[in-house]
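Chain by chain, the residues run as shown.
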Amino acid sequence: MSYDPNNIFAKILRGEIPCKKVYEDEFALAFNDINPKAPTHVLVIPKGPYVAYDDFITSANAEEIAGFARAVSKVAQSSGVAQTGYRLISNCGVNAHQEVSHYHVHVLGGKALGPMLVK
Ligand code: AMP
């Protein structure tokens, strides 16, 4: 799948759509999910144009990958969930119900999240 520059997260990165920003550096932007599934639900996105995890890992350079991974950790720390525990989710493709085709990691926490998946 090729990257669609008109996806909603690309528009957020370009400042065409507002977001509730919680963190930004040269590699990543993090903002509150518009439809939160937990008391803390932050989306962390790389600044480069990557569709999903595989595209990011194969196409991004080592600095981008390391910078993004560190940004996810910084968000978990600064949002307060690192102390009590949190879940990282990255939906990739159709079976995972990925809705936005710009790679992103969900940082979820702020309560006991229960089992990972409901059968
Ligand atoms: P996914 O299913 O992993 O692609 O998740 C996409 C997420 O983006 C969902 O949790 C949506 O609630 C969230 N989302 C969609 N549009 C926006 C937006 N404009 N601002 C913040 N979050 C959004």
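A short tour of the structure in this document, coming up. (Residues numbered from 1 in each chain as written. Predicted model: local features only at pLDDT ≥ 70, side-chain atom pairs only at ≥ 80, totals over all residues. Heavy atoms only, no water.)

Some remarks on the overall build of the chain
Regarding its fold elements, the chain presents four helices and five strands. Its C-alpha atoms give the chain a radius of gyration of 14 Å, within 12% of the compact-globule value 14 Å for 119 residues. When its C-alpha atoms are laid out on the principal axes, the chain stretches across 35 × 35 × 30 Å. When the 119 residues of the chain are sorted by exposure, 37% land in the buried category. Summarising the internal contacts of the chain: among those between residues at least 6 apart in sequence, 53% fall at separations of at least 24. Roughly 7,300 Å² of accessible area belongs to the chain as shown, and the carbon and sulfur atoms make up 55% of that amount. (Helix = DSSP H or I, 4+ residues; strand = E, 2+ residues; numbered from the N terminus. Rg over C-alpha atoms; globule rule 2.2 N^0.38 Å. Buried < 20%, exposed > 50% of the residue type's maximum accessible area, 1.4 Å probe, protein only. Contact = heavy atoms within 4.5 Å. Areas by Shrake-Rupley, 256 points an atom, 1.4 Å probe, with all protein chains shown as cover.)

Digging into the site of the ligand
Taken together, 16 residues form the shell around the ligand, and within it D33, N91, E99, H104 and H106 come nearest. One of the side-chain N or O atoms of H106 is found 2.8 Å from an oxygen atom in the ligand. Protein chains shield 88% of the accessible area of the ligand, which is 500 Å² for the free molecule. Among the elements of the structure, α1 (8-13) and β2 (28-32) are those that each provide at least two residues to the shell around the ligand. (Near = heavy atom within 4 Å. Polar contact = N/O pair within 3.5 Å; in protein donor to acceptor, adjacent residues only side chain to side chain.)

Some thoughts on the packing of aromatic side chains
Within this structure, the stated rule accounts for six aromatic pairs. On the basis of an interplanar angle of 65° and a centroid distance of 5.3 Å, the ring pair of Y50 and F56 is categorised as edge-to-face. When its relative accessible area of 3% is taken as the criterion, F56 is described as buried. Look at F56 and Y103: their rings are 4.9 Å apart centre to centre, the planes differ by 25°, and that puts the pair in the stacked class. On the criterion of sequence distance, the pair formed by F56 in helix α2 (residues 53-59) and Y103 in the loop between β4 (86-89) and β5 (105-109) is long-range, its members being 47 residues apart. Here the aromatic residues Y50, Y53, F56, F68 and Y103 are joined through ring pairs into a cluster of three or more. (Phe/Tyr/Trp six-rings, centres within 6.5 Å; stacked < 30°, edge-to-face > 60°.)

With respect to the pairing of β2
Burial analysis of β2 places four of its five residues in the buried class, the great majority of the element. Relative to β2, strand β1 (residues 21-24) runs antiparallel, the two sharing three bridges. Counterpart to E24 in the pairing with β2 is L29. Where β1 folds back on β2, the antiparallel hairpin that results is connected by three residues. Examined bridge by bridge, β2 and strand β3 (residues 40-46) share five bridges and lie antiparallel to one another. From the neighbouring strand, F31 faces β3, where its bridge partner is L43. (Pairing = 2+ DSSP bridges.)

Examining the sheet that holds β1
Pairing is antiparallel in the open sheet, where five strands are placed in the order β1-β2-β3-β5-β4. Every interior strand has two partners, whereas the edge strands, β1 and β4, have only one. Strand after strand, the sheet turns through a mean of 20° between neighbouring axes, direction not considered. Where helix α3 (residues 62-78) meets the sheet, its contacts fall on β1, β2, β3, β4 and β5, and the angle it forms with β3 comes to roughly 160°. (Axes fitted to C-alpha atoms, helices over the stretch in contact; angles between N-to-C directions.)

All quantities given are derived from atomic positions and should not be read as evidence of function.
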